[in-house]
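Below are the chains, spelled out letter by letter.
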There are 6 protein chains.
Amino acid sequence: MRFGERLDQELPEVSTQIYRQYRDFTDREPTIGAAGKIRVHALVGLLRSVLFPGIYESFPDDADNVDVFIAARLRDAGVELRSLVYAALRGHGQCSEDCQCRADEISLAFLKKLPEIRALLGLDIQAAYNGDPAARGQEEIILSYPGFEAVMVYRLAHELYVLGVPTIPRIMTEYAHTNTGIDIHPGATIGKSFFIDHGTGVVIGETCTIGDRVKMYQGVTLGARSFALDADGNPVKGIKRHPDIGDDVVLYAGATVLGGDTKIGDRSVIGGNVWLTRSVAPDSKVYNTPPVLKITRL
Amino acid sequence: MRFGERLDQELPEVSTQIYRQYRDFTDREPTIGAAGKIRVHALVGLLRSVLFPGIYESFPDDADNVDVFIAARLRDAGVELRSLVYAALRGHGQCSEDCQCRADEISLAFLKKLPEIRALLGLDIQAAYNGDPAARGQEEIILSYPGFEAVMVYRLAHELYVLGVPTIPRIMTEYAHTNTGIDIHPGATIGKSFFIDHGTGVVIGETCTIGDRVKMYQGVTLGARSFALDADGNPVKGIKRHPDIGDDVVLYAGATVLGGDTKIGDRSVIGGNVWLTRSVAPDSKVYNTPPVLKITRL
Amino acid sequence: MRFGERLDQELPEVSTQIYRQYRDFTDREPTIGAAGKIRVHALVGLLRSVLFPGIYESFPDDADNVDVFIAARLRDAGVELRSLVYAALRGHGQCSEDCQCRADEISLAFLKKLPEIRALLGLDIQAAYNGDPAARGQEEIILSYPGFEAVMVYRLAHELYVLGVPTIPRIMTEYAHTNTGIDIHPGATIGKSFFIDHGTGVVIGETCTIGDRVKMYQGVTLGARSFALDADGNPVKGIKRHPDIGDDVVLYAGATVLGGDTKIGDRSVIGGNVWLTRSVAPDSKVYNTPPVLKITRL
Amino acid sequence: MRFGERLDQELPEVSTQIYRQYRDFTDREPTIGAAGKIRVHALVGLLRSVLFPGIYESFPDDADNVDVFIAARLRDAGVELRSLVYAALRGHGQCSEDCQCRADEISLAFLKKLPEIRALLGLDIQAAYNGDPAARGQEEIILSYPGFEAVMVYRLAHELYVLGVPTIPRIMTEYAHTNTGIDIHPGATIGKSFFIDHGTGVVIGETCTIGDRVKMYQGVTLGARSFALDADGNPVKGIKRHPDIGDDVVLYAGATVLGGDTKIGDRSVIGGNVWLTRSVAPDSKVYNTPPVLKITRL
Amino acid sequence: MRFGERLDQELPEVSTQIYRQYRDFTDREPTIGAAGKIRVHALVGLLRSVLFPGIYESFPDDADNVDVFIAARLRDAGVELRSLVYAALRGHGQCSEDCQCRADEISLAFLKKLPEIRALLGLDIQAAYNGDPAARGQEEIILSYPGFEAVMVYRLAHELYVLGVPTIPRIMTEYAHTNTGIDIHPGATIGKSFFIDHGTGVVIGETCTIGDRVKMYQGVTLGARSFALDADGNPVKGIKRHPDIGDDVVLYAGATVLGGDTKIGDRSVIGGNVWLTRSVAPDSKVYNTPPVLKITRL
Amino acid sequence: MRFGERLDQELPEVSTQIYRQYRDFTDREPTIGAAGKIRVHALVGLLRSVLFPGIYESFPDDADNVDVFIAARLRDAGVELRSLVYAALRGHGQCSEDCQCRADEISLAFLKKLPEIRALLGLDIQAAYNGDPAARGQEEIILSYPGFEAVMVYRLAHELYVLGVPTIPRIMTEYAHTNTGIDIHPGATIGKSFFIDHGTGVVIGETCTIGDRVKMYQGVTLGARSFALDADGNPVKGIKRHPDIGDDVVLYAGATVLGGDTKIGDRSVIGGNVWLTRSVAPDSKVYNTPPVLKITRL
């Protein structure tokens, strides 16, 4: 029997089964879906070109008039943001009466935060320049430092998280995670002049707080130690599970700090691969005891 | 001399050299090539929209008729799959007589497996929801959990691997690796309700087996300890090289388990950064002795 | 008040603030910008299809004439490269007189290096085949081994780095970093027959040197220990900060070697997770003392 | 004042005015809109590749299995058609109860007509080959004869028109009009073996009927002479306004035949630029009296 | 000799010749070029979606807030328009001092005209509905009447023409010409409620004026009779060369009216194929004497 | 029964019927197919940017080096042309032995003709400038005169026609026909300084010859009067069927000249709508006797 005939004969049963699975799936009406995910990615692009005109946009014909371009992109971003926020709120049933109205409030509040976010990003760029001898200039950092890309997206997503927008902030930071290997939960709180070098494998959990002028390398985890389960064995959501990092702390590659009660005091240095589940005082230098290496001749 | 003239003068020698290298390259007739790679990526997208209609597709106008969309996507996937399988089989000389016939059999067998794969993925989503206090709902997991994305692609690729399709399964899982940082070989065998959190740096080797309800974090490696060489110094292919993980095991961030004889018993917990090259009994809790940290004041 | 009216009322202040930030930004005239970044990515694609005709290109109608395609792609790559190099040089003020002339020289020098690069890549493919029992053939390696992709891009970027091109080499290797999780600085010097397996999290620093036939796994770091600051507290650029790896060295997953004075002697094997900040003699085998695992029953 | 500030100041009034015009526009909720128009164009492409597999599609790997591709494209076309028909019916309020149900019926009825349409198009191709000494072969006609393109689209659109689908048939023939300059209303009735040569400027009205084996050249109009107005001065819709053309008629370039009562008898030949508003018997040859040309020397 | 070698050998001479031709070409620095042409086409799309929100845009989630979308599209159009106008003015050396300033003035003046243009288009739609018994509704006219498309683009282009913008208005109307076969020069002056049916082949010249409520069919030409040459034999630019058409005039298919002194009085009807080079009084009905047809039997 | 089930039930019969029609279709193995058609369109674009660098391409960074861009585009065009010519020749069985060899010869011969074609196009632009008082400059003509676009494509296609390439030349001129409404057969022979104004509806037949400095308006037809049939009733291919137009002839809108023996002498002027089927001497002025218009009052 020809392949075409076999498809005619055998596929109907398969699609019927998948259709039944679809019907049984509780969450089957998506709030924004994969199409919305693509729109969120595009929104990140729009916001990026608002924040760094001339770099993330082809340069305008007359540099003196770059303000016109900023204003146009800003409005585009506002319109798209509000449409997405509305969809996300409605889908999560988070607004008893007027979702549109809440979407308006949130979108405007976010847009007004952009200059503040831009200022923070300026400090992050400076931190990268000071923190990496290989850095040649600001444009290089903006265009080719994964740490900066992840932090930029985080700072945007965090504002939306704070404003109570569901789903979208996570899609934003996961977009950065895909591109950079750096996974920062939008719920984390991160201070000024933050720099992540190389960055692949960095994980920063939802209830983490990080002070100013912190610097970290690839593979650093700021995670949970364990988490509570409720009577049904489901995890209790919303509890403080991740550590607090003070100001001016440095975390070397592969350092792991776990637990909601763990605090790293200001100006501390956490060595590579250190595994910390308790607090350390300010000005601490924490290293593994020199590893006893077994060196033999082949 | 102008640049154009110099190109005219100097490039011919360069292209002649590269052409000679091309001619000397033993594998120069590709089976599916980079163009086929792009088609494989698109196929993953088609299969995804078959498995999660309404989420990976723009929602149909009438939700009651979603079955029509499933059936159409399913058929498209079937046609494309078979064309790719045929190309891959023919290129590898794996079918003495009728490659087309084998491609038909494989494609149909795969399509019929889809409901079973969909059922497994439903359990994986549930495992993610239970395993991460930060998870807000199923759509969020489907759209923004890299662990779920990697497992979804793995489950599809694994079926093709089992059916003996060359090249394509590896391209599929490497596509997920690029997007998520999670590298699961399509040859691995993974049980139900599997969850990888964050996931960057996870490596699961070809001959690994993993039981049901296993959970792991970023940076976990299930790898080979060493491998045999044949008389010519080439690696012997197809030998069991990677560990077996029992049911209900948890592996924390950075845990490394190596070796084809290594078995982790059911319900064991392997702590962060633990390096294991031998088996442990069921219900074991394996931690590094508390690292002796040297803490000094700066 | 309607959302539209509120945008009209509130956005002007926001865009004015961002515009001021733009004006205060010292690096605001980009050399190649995000648009140039996209062109660099496309250039990598062109060069790839020059180096592996038939694989990275749809196969030509007559395989005997593949030379015509090579020559055409080579010229396209040359034209695009020179335009980008010119923009980068001009932007960095690196040519006192005739940037165009220097761009010509650099571009031609680079193009002439391509056969040599192709020859090196042939050895890298062979190294991957020999180094991974799971590898089925050369096409599979070219299409689905992240280690090979990262090394291919590195070898191209490194030539441009050596020729003194700013910004572009870093964009190239960061492109590979995004796709593979492997971060090789274009300034590093890497010998023949190099193989990185899995690769997520690998970091190879700017002033690193690596010998021939080296093999490494995911999560290996060849990094800096610390770096000097000048009188103003800025990092001193251009100092040797990363280690030297000899010939035939193997570095297992998670191994970390730090410091500009650190030398790993030929034929040494560095075990998984080893943390090395001093030199070891040739033929050394360096392992952590078997970790004392605490194994308890749950 | 800067341009940006002026936009901020002056645009709000403009958009408010346009918004008011939008609100006053009676037809402002579109049935399928410009987005639907693009989908209709894509549907024409799908149907074309169903009807001429191997030509309008990249050729399948194994010509014996072209049936699989036909079936897959056919199903895709069916799904898309039904979605569009549903939107069009609902928007026009043409189904008192169950629009979905009517969309199903119409779509299936249309799909079943495709073999008949294909057979008619085969005769049209033959007519073009016989009617133009410049024609070199069937593929050339399918790919580069505007007359064939217009007739193909007409034959598809006409079936939908007959099935009572609003808006979509007109969008289909207007698509052909844009590409070919040939304007055939989907309501016209056209017999077998129809050929239009060159075709630019041809107009065939809604209530026209055309027999078998008719051939016409560019600029032929089969139009209305005048039309009735109702008491309000609006045109009365649905009245027979265009001529009937018999079998085997030839109409040369620029011929104009007008009026709902006008009948051109079988086998008649209508000369170039003839203007006819009354019927002619079968076997008539209608030419303008040889134009009295005034020929002077310059 | 292989093809590649022959290209290497023979192409340099060809490109050198073409390069010389390029250097000798007086107009070789384009004002906006083919890239600008594409941007002009996109601008037409933007303006269209401003004027007909909900039809030329995918419909917004909340119809009450369509004003937000109008305002965003309007601003985008403004920014893009001004950038193009600036390029066009600068290229033509039409602004002695401050091109940017003139571009600002022109762009704002144009944007403020949009509500008036929208109002005119509303009347044109109504004229189409009344003028064609086949018209089913307003959406159908907007989406599938070439006459409406050509008039819409003309009305936009005409405003720019009046404001003194070079090149762009012609590119806009030629875009419509390509899509519809209707060639209206942007310099023509056209009154209210204008309708062109079918339209292929219509030509309306630069210095034409057309009154209110005029209706015309395909193939109508309002052209020049001849034109003056200056002492060098070049055409004298800017002289009135095309006719004036009064109010309520109807021109049937193929009617040709030529000459700058020719005036068609109000309410006149010009029959099909009539060739007029002199004025006619108001209320005239102009037909060719009934053509003497020679009708013979075959 | 649901729609999905009905498709499953009823579509197989439909696709089987269409598949049978496909099998019975004599020309079913296309030479270049619709995919090749798209490549031909792209080739026209490449050739255009070779001929008019700086206009049809985004302008190069350094205008002095435009030669590099010309050479690169030229080579790309050459490679693509040869691949298409090869496919077309092979499909038509026009080369008994070595199609590749003939494709090489033809492609090189064509490329070497490009400077000559460019020179002719320069004269055509000048003719347009002199022939239309509304023309503002050369760029405007290149970008927005349909007559120029059609002639440019014709001049390229004609060379390929002369070199014996099947199918491709017709696809090229039909591409221009679609865009401009001007249908010039690639077999026609056209002299220098040719200008078509407006152009919609112009038809120039395969065996036509046109002298130098000819100018024509929209709707001009240079066609066949009738054509010979062979014993089987098929048209005899390759006979001279279209007129010869001398130097310096002007043909006004709608003029029709028919027949292979018809010659229009040098410097003649053919008036609007004139219908000519016999030759006229040089310096003739041919007008219709002033049409007797019936002018009545309404």
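Conventions and cut-offs
Residues numbered from 1 in each chain as written. Chains lettered and ligands numbered in written order. Predicted model: local features only at pLDDT ≥ 70, side-chain atom pairs only at ≥ 80, totals over all residues. Heavy atoms only, no water. Helix = DSSP H or I, 4+ residues; strand = E, 2+ residues; numbered from the N terminus. Buried < 20%, exposed > 50% of the residue type's maximum accessible area, 1.4 Å probe, protein only. Contact = heavy atoms within 4.5 Å. Areas by Shrake-Rupley, 256 points an atom, 1.4 Å probe, with all protein chains shown as cover. Lys, Arg positive; Asp, Glu negative; His and termini not counted. Charge placed at Lys NZ, Arg CZ, Asp CG, Glu CD. Pairing = 2+ DSSP bridges. Polar contact = N/O pair within 3.5 Å; in protein donor to acceptor, adjacent residues only side chain to side chain. Buried area = accessible area lost by both parts, 1.4 Å probe. Nonpolar A, V, L, I, M, F, W, Y, C, P; charged D, E, K, R; others polar. Salt bridge = Lys/Arg side-chain N within 4 Å of Asp/Glu carboxyl O. Least-squares fit on C-alpha atoms with pLDDT ≥ 70 in both. Axes fitted to C-alpha atoms, helices over the stretch in contact; angles between N-to-C directions. Parallel < 35°, antiparallel > 145°, perpendicular 65-115°, else oblique. Left-handed = near helix turned anticlockwise from the far one by under 90°. Phe/Tyr/Trp six-rings, centres within 6.5 Å; stacked < 30°, edge-to-face > 60°. Domains from an automatic or database assignment. Expected span 1.5 Å × (residues − 1).

Caption draft 1: Region of interest: the overall build of chain A. In terms of helices and strands, chain A carries seven helices and 15 strands. The principal-axis extent of the C-alpha atoms belonging to chain A is close to 65 × 60 × 50 Å. Within chain A, buried positions represent 64% of all 298 residues. Taking the contacts inside chain A whose residues are at least 6 apart along the sequence as the reference set, 46% of them involve residues at least 24 apart. Counting only carbon and sulfur atoms, one obtains 49% of the accessible surface of chain A, whose full area is about 10200 Å². Of note, chain A has its 32 positive side-chain charges centred 6 Å away from the centre of its 38 negative side-chain charges.

Caption draft 2: Focus on the sheet that holds strand S9 (residues 250–251) of chain C. Ordered by their spatial adjacency, six strands build an open sheet running S15(A)-S14(C)-S12(C)-S9(C)-S6(C)-S3(C), and the pairing between neighbours is mixed. Every other strand in the sheet has two partners, leaving strand S15 (293–297) of chain A together with strand S3 (195–196) of chain C as the edge strands with one partner each.

Caption draft 3: The side chain of Arg241 of chain F, seen in detail. You can see Arg241 of chain F is positioned in the loop between strand S7 (221–223) and strand S8 (244–245). Separated by 3.1 Å, the side chains of Arg241 of chain F and Glu206 of chain F make a polar contact. A polar side-chain atom of Arg241 of chain F sits 3.1 Å from the main-chain carbonyl oxygen of Ile239 of chain F. When sequence neighbours within four positions are dropped, the list of residues in contact with Arg241 of chain F reads Pro133 and Ala134 of chain D together with Glu206, Thr207, Gly223, Ala224, Arg225, Phe227, Gly259 and Gly260 of chain F.

Caption draft 4: Fine view of the interface of chain D and chain E. Opposite the 65 residues of chain D that make contact, chain E presents 64 residues. Around 5700 Å² of area is buried between chain D and chain E when both sides are counted, 59% of it from carbon and sulfur atoms. Applying the counting rule to chain D against chain E returns 16 residue pairs in polar contact (both at pLDDT 80 or more). Contributions of two or more residues to the side of chain D that touches chain E are made by helix H1 (3–24), helix H2 (33–51), helix H7 (168–180), strand S13 (275–276) and strand S14 (284–288) of chain D. For the side of chain D that touches chain E, the element with the most residues is H1 of chain D, which contributes 14 residues. For the side of chain D that touches chain E, the per-class residue count stands at 27 nonpolar, 20 polar and 18 charged. Note that S14 of chain D and strand S15 (residues 293–297) of chain E share five bridges and pair antiparallel. Residue Val286 of chain D lies in a different strand from S15 of chain E, and its bridge partner there is Ile295 of chain E.

Caption draft 5: Up close: the environment of Ile239 of chain F. Residue and element names in this part refer to chain F. Summarising the element assignment, Ile239 is placed in the loop between S7 and S8. Spatially, the C-alpha atoms of Ile239 and Ala228 are 8.5 Å apart, while their sequence positions differ by eleven residues. Other than its neighbours up to four places away in sequence, Ile239 contacts Thr207 and Ala228.

Caption draft 6: Spatial organisation of the interface of chain F and chain A. Every contact between the two is made by four residues of chain F and, on the other side, four residues of chain A. Regarding the contact of chain F and chain A, the summed buried area is about 300 Å², with carbon and sulfur atoms giving 46% of it. Linking chain F with chain A are zero salt bridges. Applying the counting rule to chain F against chain A returns zero residue pairs in polar contact (both at pLDDT 80 or more). By residue class, the composition of the side of chain F that touches chain A is two nonpolar, no polar and two charged.

Caption draft 7: Just the relation of the copies chain F and chain A, in detail. With an RMSD of 0.0 Å, chain F superimposes on chain A once it is rotated by 180° and translated 0.0 Å along the axis. Such a turn and shift between the copies fits a two-fold axis. Considering only C-alpha atoms, the part of chain F nearest the rotation axis is Asp8 of chain F, at 3.3 Å. Here 100% of the contact residues of chain F are again contact residues in chain A; the copies associate through an equivalent surface.

Caption draft 8: Quick look at the packing of helix H3 (residues 66–91) of chain B against helix H3 (residues 66–91) of chain D. Where H3 of chain B contacts H3 of chain D, the axes come no closer than 10 Å and their chain directions differ by 155°. Between H3 of chain B and H3 of chain D, the angle falls in the class roughly antiparallel. Our pair here, H3 of chain B against H3 of chain D, has a crossing hand that is left-handed. Contact with H3 of chain B, carried on its side by Val68, Phe69, Ala71, Ala72, Arg73, Arg75, Asp76, Val79 and Arg82 of chain B, involves Val68, Phe69, Ala71, Ala72, Arg73, Arg75, Asp76, Val79 and Arg82 of chain D of H3 of chain D and no other residues of that element. Residues belonging to the contact of H3 of chain B with H3 of chain D are distributed by class as follows: ten nonpolar, no polar and eight charged.

Caption draft 9: Representation of the relation of the copies chain D and chain E. The transformation that overlays chain D on chain E combines an axial shift of 0.0 Å with a rotation of 120°, and the residual RMSD is 0.0 Å. The transformation relating the two chain copies, once decomposed into turn and shift, fits a three-fold axis. Residue by residue, only 5% of the interface of chain D is reproduced at the interface of chain E, so the copies engage with different surfaces.

Caption draft 10: Representation of the pairing of strand S14 (residues 284–288) of chain B. Sheet topology places strand S12 (residues 269–270) of chain B next to S14 of chain B; two bridges connect them, and they run parallel. When the sheet's bridge partners are listed, Val269 of chain B is paired in S14 of chain B with Lys285 of chain B.

Caption draft 11: Focus on the environment of Lys285 of chain F. Here Lys285 of chain F shows up in strand S14 (residues 284–288). In this structure Lys285 of chain F comes out as partly exposed when scored by relative accessible area, which is 31%. Between the C-alpha atom of Lys285 of chain F and that of Ala77 of chain F, which follows or precedes it by 208 residues, the distance is 45 Å. Ignoring sequence-local partners within four residues, the contact set of Lys285 of chain F consists of Lys294, Ile295, Thr296 and Leu298 of chain D together with Val269 of chain F.

Caption draft 12: Looking closely at the packing of aromatic side chains. Taken as a whole and judged by the stated rule, the model has 18 aromatic pairs over all chains. Taking the centre distance of 6.0 Å and the plane angle of 75° together, the rings of Phe52 of chain B and Phe148 of chain B count as edge-to-face. Here Phe52 of chain B is found in the loop between helix H2 (33–51) and H3, whereas its partner Phe148 of chain B is found in helix H6 (residues 146–162), with 96 residues between them in sequence. Judged on exposure class, the residue Phe52 of chain B and its partner Phe148 of chain B are both buried. Between Tyr19 of chain F and Tyr22 of chain F the ring centres are 6.1 Å apart and the planes differ by 25°, which places this aromatic pair in the stacked class.

Caption draft 13: Focus on the domain arrangement of chain A. Domain annotation for chain A reports domain 1 (14–181) and domain 2 (201–298). Of note, the centres of domain 1 of chain A and domain 2 of chain A, computed from C-alpha atoms alone, are 27 Å apart.

Caption draft 14: Summary view of the pattern of salt bridges. Residues and elements named next belong to chain E. Taken as a whole and assessed by the stated rule, the structure comprises 102 salt bridges over all chains. In this structure, Asp104 and Arg82 form a salt bridge, with 2.7 Å as the shortest nitrogen-oxygen distance. Here the residue Asp104 occupies a position in helix H4 (residues 99–131), and Arg82 occupies one in helix H3 (residues 66–91), the gap between them amounting to 22 residues.

Caption draft 15: Region of interest: the side chain of Thr200 of chain B. Topologically, Thr200 of chain B is positioned in the loop between strand S3 (195–196) and strand S4 (203–204). One polar contact links Thr200 of chain B to His177 of chain A, side chain to side chain, over a distance of 2.6 Å. Setting aside residues up to four positions removed in sequence, Thr200 of chain B forms contacts with His177, Gly181, Thr200 and Gly201 of chain A, Thr180, Gly181, Ile182, Gln218 and Gly219 of chain B together with Thr200 of chain C.

Caption draft 16: How the structure looks around the sheet that holds strand S11 (residues 263–264) of chain D. All names here are of chain D. What the four strands build is an open sheet, ordered S2-S5-S8-S11; its pairing is parallel. With partners counted over all chains shown, the strands left at the sheet margins are strand S2 (189–190) and S11, one partner each. As judged from the two bridges shared by strand S8 (residues 244–245) and S11, these two strands associate in the parallel manner. What sits directly across from Asp244, in S11, is Lys263.

Caption draft 17: Focus on H7 of chain D. All names here are of chain D. For H7, spanning 13 residues, the distance from its first C-alpha to its last is 18 Å, which sits close to the expected 18 Å at 1.5 Å a residue. In terms of burial, H7 is a largely internal element, eleven of the 13 residues being buried. The complete set of buried residues in H7 reads Ile168, Pro169, Arg170, Ile171, Met172, Thr173, Glu174, Ala176, His177, Asn179 and Thr180. Immediately downstream of H7, the backbone of Gly181 shows phi near 75°, a positive value.

Caption draft 18: Up close: unusual backbone geometry. In this structure, Thr167 of chain A is a non-glycine residue whose phi angle is positive, near 65°. Even without glycine at this site, Arg213 of chain B takes up a positive phi of about 55°. Tracing the sequence through the fold places Arg213 of chain B in the loop between strand S5 (209–210) and strand S6 (215–216). Its relative accessible area of 43% is what places Arg213 of chain B among the partly exposed residues.

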